[in-house]
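Fold and geometry: a report
Here is how the chains run, residue by residue.
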Amino acid sequence: MGTMTPTIPTIYKQHRLESWDEFLKIITGSPYSNWAFRGHRKEAWPLASALSRYFRNFHIDRRAWPQQEGRILRVFKRKAHQFLAQPPAPDDDFQWLALMQHHGAPTRLLDFTWSPYVAAFFALQRATGDAAVWALNPADISAGGIRRSTKSRKPAVPTRGMDPRRKGNFARYFLKGDREFIWLGEPDTMNRRLIAQSGTFALPGVLDKPMEEIVRKYRDPKNMIAKFILPAGQVRETGLRELYRMNITNATLFPDLDGLARSLAYELEFHWAYNPRTMESFRTEE
């Protein structure tokens, strides 16, 4: 029998919510009113980027990660101009990464939103078991409260100073993968989907740890990240109906033909005249 990996104690706040009303109550009050959110249809999924998952799933040697990440960025820059009327500036790496993310490339970016309702939609739309909404505290993350290691010879750099929108910072602070921190923000130019979703991005400084582990390096991790567990059986039906009434659907969050097509799935669960699950009529009897 193989040796099991020891379980690392949870350092973030975790809330199991039993109803949609309970979710609304907790996300509209302090301290989460100004946080950023991300929805997962499976509660067990960590806060790991598509790039991190790709490297791990296909067994790419960790020593090659910086070179391979830099390579796909260069390849995209060289070829994408054929499909773009106005390509980003050649040295605006963050803008290029956002464009790559938008079109499905594996990047280190994780999509977040300033709207807990949008995050709940992404968590619940295809959930059949426990879903989750993660939350990050942007004020503390931006303040850069990272503990300095006595073994590290690297000078301390505030998180604000690692802004990937500044020329050279992506290669200097992210691509090398040798600093455990999180940066949260948007590119200078936002696309239609990012605007529609009130979107932002979280960028981890390393790819070999999920974000919930990276925050262990911060001085006050318990106040930097939280997780809300949403059992689909208790929350999904009411939550999606209310989000539908708020006009939060795939058609509005992805304002193109693909989004319209995706939105039709929920129409299978909704009808103005009756409940498709029970066939109960909504008509008022005289």
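That block above? That's the structure.
The structure reproduced in this document is the subject of the present report.

Conventions used here
- Residues numbered from 1 in each chain as written.
- Predicted model: local features only at pLDDT ≥ 70, side-chain atom pairs only at ≥ 80, totals over all residues.
- Heavy atoms only, no water.
- Patch = residues over 30% accessible without salt bridge, like charges linked within 9 Å, V, L, I, M, F, W, Y side chains within 5 Å.
- Areas by Shrake-Rupley, 256 points an atom, 1.4 Å probe, with all protein chains shown as cover.
- Salt bridge = Lys/Arg side-chain N within 4 Å of Asp/Glu carboxyl O.
- Lys, Arg positive; Asp, Glu negative; His and termini not counted.
- Charge placed at Lys NZ, Arg CZ, Asp CG, Glu CD.
- Helix = DSSP H or I, 4+ residues; strand = E, 2+ residues; numbered from the N terminus.
- Core = buried A, V, L, I, M, F, W, Y, C linked by side-chain atoms within 4.5 Å.
- Buried < 20%, exposed > 50% of the residue type's maximum accessible area, 1.4 Å probe, protein only.
- Contact = heavy atoms within 4.5 Å.
- Phe/Tyr/Trp six-rings, centres within 6.5 Å; stacked < 30°, edge-to-face > 60°.
- Lys NZ or Arg CZ within 6 Å of the ring centre and 35° of its normal.
- Axes fitted to C-alpha atoms, helices over the stretch in contact; angles between N-to-C directions.
- Left-handed = near helix turned anticlockwise from the far one by under 90°.
- Nonpolar A, V, L, I, M, F, W, Y, C, P; charged D, E, K, R; others polar.
- Pairing = 2+ DSSP bridges.

What follows covers a positive patch on the surface. A cluster of basic side chains, namely R71, R74, R78 and K79, defines a positive patch on the protein surface. Among the secondary structure elements, R74 is positioned in helix α3 (residues 65-80).

Moving on, we come to the nonpolar core. Residues L136 and I182 are the most contacted members of the largest nonpolar core, which totals 38 residues. For this core, the element with the most residues is helix α4 (residues 93-102), which contributes 6 residues. In contact with L136, not counting residues within four places along its chain, are W35, A36, F112, I141, L184, A202, M211, M224 and I225. Core analysis: the second largest hydrophobic core is formed by 28 residues, Y32, L124, F228 and L243 among them.

This brings us to a nonpolar patch on the surface. Together, Y54, F58 and I60 give the surface a local cluster of nonpolar side chains, amounting to about 290 Å² of exposed area. If you trace the backbone, F58 turns up in the loop between α2 (50-57) and α3.

The next subject is the packing of aromatic side chains. Summed over all chains, the structure comprises 16 aromatic pairs. Between F55 and W65, the ring centres sit 5.0 Å apart and the planes meet at 10°, which makes this aromatic pair stacked. On the criterion of sequence distance, the pair formed by F55 in helix α2 and W65 in helix α3 is long-range, its members being 10 residues apart. Exposure class is identical for F55 and W65. Each is buried. Look at F94 and W183: their rings are 5.5 Å apart centre to centre, the planes differ by 90°, and that puts the pair in the edge-to-face class. Here W183 lies in strand β5 (residues 182-185) and F94 lies in helix α4, a separation of 89 residues in the sequence. Both residues of the pair, F94 and W183, belong to the buried class. An aromatic cluster is present here, built from W20, F23, Y32, W35 and F228 joined pairwise through their rings. If you follow R262 out to its NZ or CZ, it ends over the ring of F254, 4.3 Å from the centre.

So, about the pattern of salt bridges. Going through the model one piece at a time under the given rule, you end up with 17 salt bridges. Where R241 meets E242, a salt bridge forms, and the shortest distance between an N and an O atom there is 3.8 Å. Under the relative-accessibility criterion, R241 is labelled partly exposed at 32%. Accessibility expressed as a relative area gives 23% for E242, which makes it partly exposed. One network of salt bridges, with partners in common, ties together R236, E237, E269 and R277.

Let's shift gears to the packing of helix α1 (residues 20-27) against helix α5 (residues 116-124). α5 packs onto α1 with a crossing angle of 145° between their chain directions and a minimal axis gap of 11 Å. Crossing geometry of α1 relative to α5 is assigned as right-handed. Residues W20, F23, L24 and I27 of α1 pack against P116, Y117, A120 and L124 of α5. Partitioning the contact of α1 with α5 into residue classes produces 8 nonpolar, no polar and no charged.

Let us look at unusual backbone geometry. Despite not being glycine, H59 has its phi angle at roughly 55°, a positive value. Within the element layout of this structure, H59 appears in the loop between α2 and α3. Of note, N247 is a non-glycine position whose phi angle comes to about 65°, a positive value. Mapped onto the fold, N247 is located in the loop between α10 (232-245) and α11 (250-253). N247 sits in the partly exposed class, given a relative accessible area of 49%.

Moving on to the pairing of strand β4 (residues 130-136). Sheet faces and side chains relate simply in a regular strand, where the side chains alternate between the two faces. Among the 7 residues of β4, 6 are classified as buried, and the element is accordingly described as predominantly covered. The pairing of strand β2 (residues 36-40) with β4 spans 5 bridges and is classified as antiparallel. Bridge assignment links H40 to a residue of β4, and that residue is A132. Bridging between β4 and strand β7 (residues 225-231) involves 7 bridges; their strand directions are antiparallel. Bridge pairing in β7 places W134 opposite K227.

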